2 protein chains.
Amino acid sequence: MTDAMTTRRMANAIRALSMDAVEKAQSGHPGMPMGMADVATVLFTKILKYDATDPHWIDRDRFILSAGHGSMLLYSILHLTGSKEMTIDQLKRFRQVGSKTPGHPERGHTESIETTTGPLGAGISNSVGLALAERILAAEYPTIIDHRTFALCSDGDLMEGISQEAIAIAGHYKLNKLVFLYDDNGISIDGHTTLSDSVDQVARFKACGWNAVHVDGHDADAVEAAIKATEGSDKPTLIACKTTIGFGAPKKAGTEKAHGSPLGAEEIEGARKALGWEYPPFVIPDDIKHAWEEAGARGSGRRKEWETRYAALDAAVREDFERRLKGELPTSFAPAMAAYKAKLYAEPKEMATRKAGEAALTVVKGELPELVSGSADLTPSNNTLTKNMKVITPDDYAGSFMHWGIREHGMCGAINGMAIHGGILPVGSTFLVFSDYCRPPLRLAALMKIRVIQVFTHDSIGVGEDGPTHQPVEQIAALRAIPNLNVFRPCDTIETAEAWEVAVASLKRPSILALTRQNLPQLRLKDAGENLTAKGAYEIAPAEGVAAVSLFASGSEVSLAVEAKKALDAAGLPTRVVSVPCFDLFADQPGSYRAEVIGTAPVKIAVEAAIRMGWDSIIGSDGGFVGMSSFGESGPYKEVYETFGITPDTVVKLAHSMHASAA
Amino acid sequence: MTDAMTTRRMANAIRALSMDAVEKAQSGHPGMPMGMADVATVLFTKILKYDATDPHWIDRDRFILSAGHGSMLLYSILHLTGSKEMTIDQLKRFRQVGSKTPGHPERGHTESIETTTGPLGAGISNSVGLALAERILAAEYPTIIDHRTFALCSDGDLMEGISQEAIAIAGHYKLNKLVFLYDDNGISIDGHTTLSDSVDQVARFKACGWNAVHVDGHDADAVEAAIKATEGSDKPTLIACKTTIGFGAPKKAGTEKAHGSPLGAEEIEGARKALGWEYPPFVIPDDIKHAWEEAGARGSGRRKEWETRYAALDAAVREDFERRLKGELPTSFAPAMAAYKAKLYAEPKEMATRKAGEAALTVVKGELPELVSGSADLTPSNNTLTKNMKVITPDDYAGSFMHWGIREHGMCGAINGMAIHGGILPVGSTFLVFSDYCRPPLRLAALMKIRVIQVFTHDSIGVGEDGPTHQPVEQIAALRAIPNLNVFRPCDTIETAEAWEVAVASLKRPSILALTRQNLPQLRLKDAGENLTAKGAYEIAPAEGVAAVSLFASGSEVSLAVEAKKALDAAGLPTRVVSVPCFDLFADQPGSYRAEVIGTAPVKIAVEAAIRMGWDSIIGSDGGFVGMSSFGESGPYKEVYETFGITPDTVVKLAHSMHASAA
């Protein structure tokens with residue numbers, strides 16, 4: 001049998017497994033795996049550097065299935081190359097509760113899945129981060145990091161706006177080891193892509209600093225040649241693979257009918273005939289299975305060579321590299337943070353939490369070489385470029401700060417990719433209101449349980465003159481709504497430092513730091529002996545005697561609540577103040593702690609320069625609230641606070657009135 | 001004085017007002033207005049069809065300041081061309097609370113502001129919708145609709161991913177009356193754009209089906225020629241205007257220092273000298289003011305000609321056109337909806353609310369010719385292409401359905417533009433989980449108080465096999481968090497119809513319809529004589545006797561609650577069920593109605609296949625909740641509901657246990 005014939009039969013194994021699994025599930029997308037089977041076979045059998053027996057090898061080439069709906073392509077290949085976990089039984093349980101084969105590939109749930117995809121554009125933006133991480137690490141570890149990143153993407157991936165941000169970043173930073181294999185099948189759910197699209201993708205990618213070529217995606221030799229031609233390139237490359245969706249299906253191939261539904265028994269029978277695939281469902285002949293397993297083991301020699309090089313590294317370098325891969329903090333980290341906080345206790349500082357964030361980040365970065373910061377073109381406002389960072393440029397990756405451009409979504413997608421690569425702790429930054437641009441990757445980071453940190457400054461109407469378009473009102477609640485995501489809104493220098501401490505130690509949960517533009521006093525003046533922010537909420541100012549009023553606040557409103565407390569205490573209403581820097585962590589506390597912090601004062605009032613949603617879980621639906629219920633307004637920030645009545649005086653009046661009613 | 005000299009002096013008036021206003025506010029962005037003053041002067045004095053005395057003339061050319069931070073450009077021009085509202089005093093009150101000159105231009109707040117901009121990319125996506133609306137209306141009203149749309153955009157606008165979606169839509173639909181004036185100044189907040197960008201924008205736009213040219217943005221004749229060359233084009237056009245940011249400022253021009261901060265007294269003095277502008281702050285010499293006012297009145301003749309053509313229309317056509325502009329519903333609308341609901345009462349239907357939505361939309365569309373629907377490539381799933389719609393194509397705009405491609409963000413941005421154009425009621429659709437891609441335009445629609453409707457189907461873990469990436473869990477809460485946005489989650493065919501009724505009548509508030517993939521029984525079986533969904537929440541099933549248990553639910557979980565009620569009633573716990581189709585409208589109800597609906601049953605439980613956030617406002621922090629607290633899982637939807645315990649049985653058990661504790 002010729003090589004080409006073997007490749008086609010190996011590809012047909014993917015096709016058969018994909019259509020059979022979708023048919024059995026009566027749900028799924030057979031068209032893409034059948035269309036891209038030839039390209040994927042070439043990639044996995046002739047190009048990709050990997051060792052199926054060691055899916056965690058750090059120097060493997062990365063394969064990202066950005067068109068995640070075609071998950072059966074990946075599951076089929078994992079099964080065929082010998083993944084222990086991906087048994088034939090798992091393929092039969094495609095899209096069933098508890099299986100390793102969910103509808104879309106999920107990192108952390110299934111071994112060898114590099115990233116969770118499905119929401120279009122996510123995978124390609126991750127792939128940019130993976131390729132960037134490789135370049136950054138290669139600059140530091142030239143003998144052990146040298147691999148490529150391949151992303152399989154669809155028309156949908158390239159129509160999504162995020163694609164432009166990702167492509168522009170990759171082109172600018174000359175990520176020459178990044179290759180997009182574009183499934184140019186001309187079909188989307190609504191029908192032919194000509195219904196809604198006329199973009200010349202090859203020309204578009206060239207305009208963005210990429211190589212870009214067309215190839216027949218069913219001509220294995222041509223595909224192989226096209227991919228091999230990318231080696232040694234000085235740019236990333238798009239290979240537009242002209243394919244037939246549902247290749248082999250006699251009636252549905254080349255149409256949207258092959259895209260997202262089972263083909264049906266008749267069509268599958270026809271496809272088996274057309275492909276010359278005479279085996280029953282889920283049966284792979286030994287020779288094909290064997291050929292695939294050989295392909296899966298192809299990289300073991302290169303991996304062993306790599307291990308030799310790795311072993312040759314200085315022991316301390318190796319140890320630190322392993323620490324970085326595990327996400328552990330160096331032993332010097334805790335003392336450095338303690339020393340920083342001791343200085344703050346000794347000399348309290350009134351400053352914006354964005355500035356406090358910068359000071360803390362400087363200490364964090366000093367201890368964590370793996371930290372790579374960046375901003376979506378708000379560097380001087382976000383304060384995330386510290387003095388001990390060097391800017392990464394297309395000509396020098398040996399740095400730790402990225403100018404992402406005005407690309408919040410692309411930044412967050414790439415940052416997810418950097419985190420999943422391993423060896424890097426990525427930090428992004430923009431204004432809090434622009435978190436709206438970033439929700440898809442923020443959600444995916446939470447779903448993947450990865451450690452990424454976003455610094456979102458200008459966190460309320462405290463933005464002032466920029467007005468309602470730039471004043472977050474609902475963003476804090478909307479972010480708190482995302483499961484498995486810590487949203488910190490620290491009230492001063494100390495809480496900001498504590499938030500950083502928790503964020504870097506949260507290996508399974510992304511974190512957001514919402515920081516102010518405006519100055520705030522330091523409220524925490526002596527060492528509590530523990531990280532209070534880690535509890536999510538705590539009493540920051542006790543009542544004198546039995547509390548008549550409990551005030552709850554976060555961020556910039558904690559000092560406002562403390563002002564109100566003074567007036568209430570003076571007026572004979574003993575008042576306590578609870579700082580709530582992180583709802584999510586407070587929700588994780590034992591019921592007894594929660595009850596103690598919430599307390600039993602008859603009057604409960606929350607203060608936050610944002611909407612009420614979420615606060616009722618603490619103050620109850622009958623609690624008082626001083627905050628926002630509309631969009632903001634343009635003006636100097638103190639006047640804007642006055643305009644919306646977010647002042648100590650409003651709190652005091654409300655407390656008196658609630659106290660009177662309760663009495 | 002030569003024409004070129006006059007143009008430059010007129011442009012200098014913009015420059016002077018902009019730098020003076022920013023200086024007085026000690027806040028704002030002088031650089032863009034100073035850089036683009038020449039281009040804007042050419043546009044407003046020689047090209048744009050408008051009549052400053054009638055800013056609402058429907059056939060005016062539209063000018064969109066997508067780079068909204070340069071708001072002083074627009075405010076200056078409004079003042080100079082004679083806007084009554086935009087007095088010199090307003091310019092002096094730039095960025096002050098209550099002024100007509102907020103930091104970023106706000107539609108509805110200030111006259112003649114076409115759209116609210118600031119979040120980058122928003123304006124250009126709106127402009128695509130405006131240009132599309134013009135084409136659609138021109139197909140229907142050829143004698144009265146014929147105008148162009150000009151958008152001034154920045155590097156940031158073109159870096160944002162939304163730009164790609166907008167550009168691709170415009171290119172595909174051949175929006176030949178759309179022109180982008182790109183302020184190619186090479187500067188962003190972080191510094192020179194070469195820090196983060198290498199895209200050849202002209203080549204990129206060409207790849208997307210646009211004309212694209214370079215021009216010197218300070219050469220008025222060249223700018224005029226470039227814009228005039230776009231007349232009669234068969235494509236949209238990008239004019240990349242090479243400009244110097246902060247043009248005139250001796251030291252800061254051409255640098256990021258001119259971008260977002262006051263120039264300072266010394267630099268302003270230097271700029272006055274360099275520009276030959278000898279007048280004090282906020283003083284415009286009479287000849288220049290006069291020239292600008294003449295320019296503002298340039299279009300009055302054309303407007304009068306237009307009025308003649310308008311008067312020549314058939315009276316009935318004119319009347320309906322005016323109705324459409326006002327957003328009023330035709331008198332036939334209410335009876336048609338009533339007849340549709342009567343049919344449902346007569347023959348109750350078990351169906352998915354996405355199907356019920358399609359049925360209602362068919363009726364709505366039958367009465368509202370101005371309704372233009374569309375989907376971001378999920379047409380067969382969203383059920384928003386009804387039989388009485390015709391697809392809009394690049395060759396035939398006389399239709400009412402848009403294939404937006406896989407461009408959720410671009411769709412929502414364009415839809416905002418269609419709504420603000422007037423004469424069209426735009427409806428978009430995608431999966432609810434992908435509302436995450438659309439939050440910036442959803443927020444802006446709410447801020448602008450415009451009537452747009454989004455149909456977001458597949459609204460919970462009921463999505464089933466597609467798994468957690470496609471199952472919304474936090475999206476409903478996150479959307480409810482946006483002020484001035486109605487989020488409907490109807491429970492059956494009747495509530496779906498009612499939601500449509502409220503949505504189309506909400507002229508000042510956008511609406512979202514969250515609809516199910518899976519079938520639901522019809523719960524509402526007789527005419528209540530009023531639209532109950534409009535109240536936000538109501539008792540859908542009363543208790544037999546004094547209620548021991550109140551169950552609150554929305555959408556697909558209302559029927560689940562009704563099932564639980566049966567079991568609880570049978571077990572001797574009289575139970576009532578409250579349907580909560582719209583939190584926002586319920587919040588608007590009088591306290592007495594809210595209290596009555598919430599009721600006094602000692603056990604309160606909410607059921608929603610989503611996170612708890614928001615429900616505490618109804619059930620209190622001590623209420624019971626059956627829903628989600630994590631991401632979902634891939635599997636057949638009934639099994640997924642079982643997996644997360646969102647079942648009548650769970651509700652029943654929780655009610656019993658809470659009842660026992662309360663007793």
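Here the structure is a predicted model, which means the values were calculated and not measured. (Residues numbered from 1 in each chain as written. Chains lettered and ligands numbered in written order. Predicted model: local features only at pLDDT ≥ 70, side-chain atom pairs only at ≥ 80, totals over all residues. Heavy atoms only, no water.)

(A) Inspection of the domain arrangement of chain A at higher detail. Residues and elements named next belong to chain A. Domain annotation for chain A reports domain 1 (3-304), domain 2 (333-520) and domain 3 (533-662). A straight line from the C-alpha centre of domain 1 to that of domain 2 covers 33 Å. Listed by partner, the interface residues are 28 residues for domain 1 and 30 residues for domain 2. Of the roughly 2500 Å² buried between domain 1 and domain 2, counting both surfaces, carbon and sulfur atoms make up 70%. When the buried surface of domain 1 facing domain 2 is broken down by residue, R107, I136 and Y173 rank first, second and third, together holding 24% of it. Between D395 and K174 there is a salt bridge, with its nearest N and O atoms 3.5 Å apart. Viewed at the interface, domain 2 and domain 1 are joined by 9 residue pairs in polar contact (both at pLDDT 80 or more). Counting residues per element, the ones that place at least two in the side of domain 1 that touches domain 2 are α5 (122-140) and α7 (161-172). The element that contributes the greatest number of residues to the side of domain 1 that touches domain 2 is α5, accounting for 12 residues. (Domains from an automatic or database assignment. Contact = heavy atoms within 4.5 Å. Buried area = accessible area lost by both parts, 1.4 Å probe. Salt bridge = Lys/Arg side-chain N within 4 Å of Asp/Glu carboxyl O. Polar contact = N/O pair within 3.5 Å; in protein donor to acceptor, adjacent residues only side chain to side chain. Helix = DSSP H or I, 4+ residues; strand = E, 2+ residues; numbered from the N terminus.)

(B) Inspection of the sheet that holds strand β7 (residues 237-242) of chain A at higher detail. Residues and elements named next belong to chain A. Strand order in the open sheet made by the 5 strands is β1-β2-β3-β7-β6, with parallel pairing throughout. Each edge of the open sheet is held by one strand with a lone partner, namely β1 (62-65) and β6 (211-216). Between one strand axis and the next, the sheet turns by 20 degrees as a mean value, whatever way the strands run. Examined bridge by bridge, β1 and strand β2 (residues 149-153) share 4 bridges and lie parallel to one another. Counterpart to R62 in the pairing with β2 is T149. α5 rests against β1, β2 and β3 (178-184) of the sheet, and its axis sits at about 170 degrees to β2. Sitting on the sheet, helix α9 (residues 220-228) is in contact with β2, β3, β6 and β7, with an inclination near 170 degrees to β6. (Pairing = 2+ DSSP bridges. Axes fitted to C-alpha atoms, helices over the stretch in contact; angles between N-to-C directions.)

(C) Inspection of the relation of the copies chain A and chain B at higher detail. The two copies are related by a screw operation: chain A maps onto chain B through 180 degrees of rotation and 0.0 Å of translation along the axis, at an RMSD of 0.0 Å. Such values leave the two copies arranged in the relation of a two-fold axis. (Least-squares fit on C-alpha atoms with pLDDT ≥ 70 in both.)

(D) View of the sheet that holds strand β16 (residues 538-541) of chain B. Residues and elements named next belong to chain B. Pairing is mixed across the open sheet formed by 5 strands, whose spatial order is β16-β18-β17-β19-β20. This sheet does not close on itself; its edge strands, each paired only once, are β16 and β20 (624-626). Each neighbouring strand pair of the sheet contributes to a mean axis angle of 30 degrees, computed without reference to strand direction. Where strand β17 (residues 549-553) lies against strand β19 (residues 603-607), 5 bridges are found, and the strand directions are parallel. The residue of β19 that forms the bridge with S550 is K604. Against the sheet, helix α23 (residues 591-598) makes contact with β16, β17, β18 (575-579) and β19, and its axis sits at roughly 135 degrees relative to β18, the strand it touches most. Relative to β19, helix α26 (residues 648-662) is tilted by about 155 degrees, and along the sheet it contacts β17, β19 and β20.

(E) Summary view of the UniProt feature "binding site: Mg(2+)" (unreviewed entry) in chain A. Residues and elements named next belong to chain A. According to UniProt, the feature "binding site: Mg(2+)" (unreviewed entry) maps to D155, N185 and I187 in the numbering used here. In summary, the annotated positions, though distributed over 33 residues, converge in three dimensions, the widest C-alpha pair being only 7.7 Å. Structurally, D155 is set in helix α6 (residues 155-159). A relative accessible area of 6% means that D155 is categorised as buried. Along the chain, N185 falls in the loop between β3 and β4 (187-188). For N185, a relative accessible area of 11% puts it in the buried group. Among residues more than four places away in sequence, those in contact with N185 are D155, T243 and I245. (UniProt positions renumbered as here; feature names shortened; annotations may be inferred. Buried < 20%, exposed > 50% of the residue type's maximum accessible area, 1.4 Å probe, protein only.)

(F) A look at empty space enclosed by the protein. A full pass over the atoms with the stated rule returns 7 cavities of 30 Å³ or more. Reported here for the largest cavity is a volume of approximately 240 Å³. Roughly 90 Å³ of internal volume is contained in the second largest cavity. Listing elements by their share of the lining of the second largest cavity, those giving two or more residues are α7 of chain A together with α7 (161-172) of chain B. Across the lining of the second largest cavity, the residue classes break down as 6 nonpolar, 4 polar and 5 charged. (1 Å grid on protein atoms, 1.4 Å probe; cavity = no way out; pocket = protein on both sides within 12 Å on 5 of 7 lines; lining within 4 Å. Points joined across faces, edges and corners; volume = space filled by probe spheres on them. Nonpolar A, V, L, I, M, F, W, Y, C, P; charged D, E, K, R; others polar.)

(G) Structural view of the pairing of strand β18 (residues 575-579) of chain A. Residues and elements named next belong to chain A. Burial analysis of β18 places 5 of its 5 residues in the buried class, which makes it a mostly covered element. Neither face of β18 is open: one carries T575, V577 and S579, the other R576 and V578, and all of them are buried. Across 3 bridges, strand β16 (residues 538-541) lies against β18 in antiparallel orientation. Paired with E539 across the strands is V578, a residue of β18. Summarising the sheet, strand β17 (residues 549-553) and β18 pair through 5 bridges and their orientation is parallel. Note on β18: the bridge partner recorded for L551 is V577.

(H) Molecular detail of the packing of helix α21 (residues 556-570) of chain B against α26(B). Residue and element names in this part refer to chain B. Between α21 and α26, whose axes approach to 8 Å, the crossing angle comes to 50 degrees. Classed by the angle they form, the pair α21 and α26 counts as oblique. In this structure, α21 crosses over α26, and the sense of that crossing is right-handed. On the side of α21, the interface is formed by L560, E563, A564, A567 and L568, while α26 contributes P648, V651, V652, A655 and H656. Considered class by class, the residues forming the contact of α21 with α26 number 8 nonpolar, 1 polar and 1 charged. (Parallel < 35°, antiparallel > 145°, perpendicular 65-115°, else oblique. Left-handed = near helix turned anticlockwise from the far one by under 90°.)

(I) The packing of aromatic side chains, seen in detail. Under the counting rule described, the total for this entry stands at 32 aromatic pairs over all chains. Put simply, the rings of A:W57, A:Y141, A:W306, A:Y310 and A:F321 pair up and form one aromatic cluster. Stacked on the ring of B:F583, the Lys or Arg B:R480 has its end atom at 3.8 Å from the ring centre. If you follow B:R594 out to its NZ or CZ, it ends over the ring of B:F586, 4.4 Å from the centre. (Phe/Tyr/Trp six-rings, centres within 6.5 Å; stacked < 30°, edge-to-face > 60°. Lys NZ or Arg CZ within 6 Å of the ring centre and 35° of its normal.)

(J) Local environment of the UniProt feature "site: Important for catalytic activity" (unreviewed entry) in chain A. According to UniProt, the positions carrying the feature "site: Important for catalytic activity" (unreviewed entry) are A:H29 and A:H259. These annotated residues cover 231 residues of sequence, and their C-alpha atoms lie no more than 5.5 Å from one another, placing them together at a single site. The exposure class of A:H29 is buried, given its relative accessible area of 12%. Residue contacts for A:H29: discarding those within four places in its chain leaves A:V22, A:H69, A:G70, A:R95, A:H259, A:G260 and B:D466.

(K) Region of the structure containing the interface of chain A and chain B. With 94 residues of chain A in contact, the opposing surface of chain B contributes 94 residues. Approximately 7700 Å² of surface area, both sides summed, lies buried where chain A meets chain B, with 58% of it carried by carbon and sulfur atoms. At the surface where chain A touches chain B, the tally comes to 8 salt bridges. Partitioning the side of chain A that touches chain B into residue classes produces 38 nonpolar, 35 polar and 21 charged.

(L) The layout of surface pockets, seen in detail. Reported here for the second largest pocket is a volume of approximately 1400 Å³. Around the second largest pocket, the lining is made up of 48 residues, and of these A:R612, A:M613, A:G614, B:M613 and B:G614 lie nearest the centre. Of all the elements in the fold, those that place two or more residues in the lining of the second largest pocket are α22 (583-587) and α24 (616-619) of chain A together with α22 (583-588) and α24 (616-619) of chain B. By residue number, the principal contributor to the lining of the second largest pocket is α22(B), which donates 5 residues.

(M) Main features of helix α2 (residues 31-47) of chain A. All names here are of chain A. For α2, built from 17 residues, the straight-helix expectation of 24 Å at 1.5 Å per residue is met to within 8% by its first-to-last C-alpha distance of 24 Å. Of all bends in α2, the biggest is about 55 degrees, found at A37. For α2, the buried fraction is high: 16 of the 17 residues fall into the buried class. (Expected span 1.5 Å × (residues − 1). Bend = angle between axes of the 7 residues up to and from the residue.)

(N) Up close: the state of the cysteines. The final tally for this structure, using the stated rule, is 0 disulfides over all chains. This cysteine, A:C153, is not joined by any disulfide, and A:C241 carries the nearest cysteine sulfur, 8.8 Å off. When its relative accessible area of 0% is taken as the criterion, A:C153 is described as buried. Free cysteine: B:C438, not disulfide-bonded; nearest cysteine sulfur from B:C412 at 3.6 Å. Judged by its relative accessible area of 0%, B:C438 is buried. (Disulfide = S-S within 2.5 Å.)

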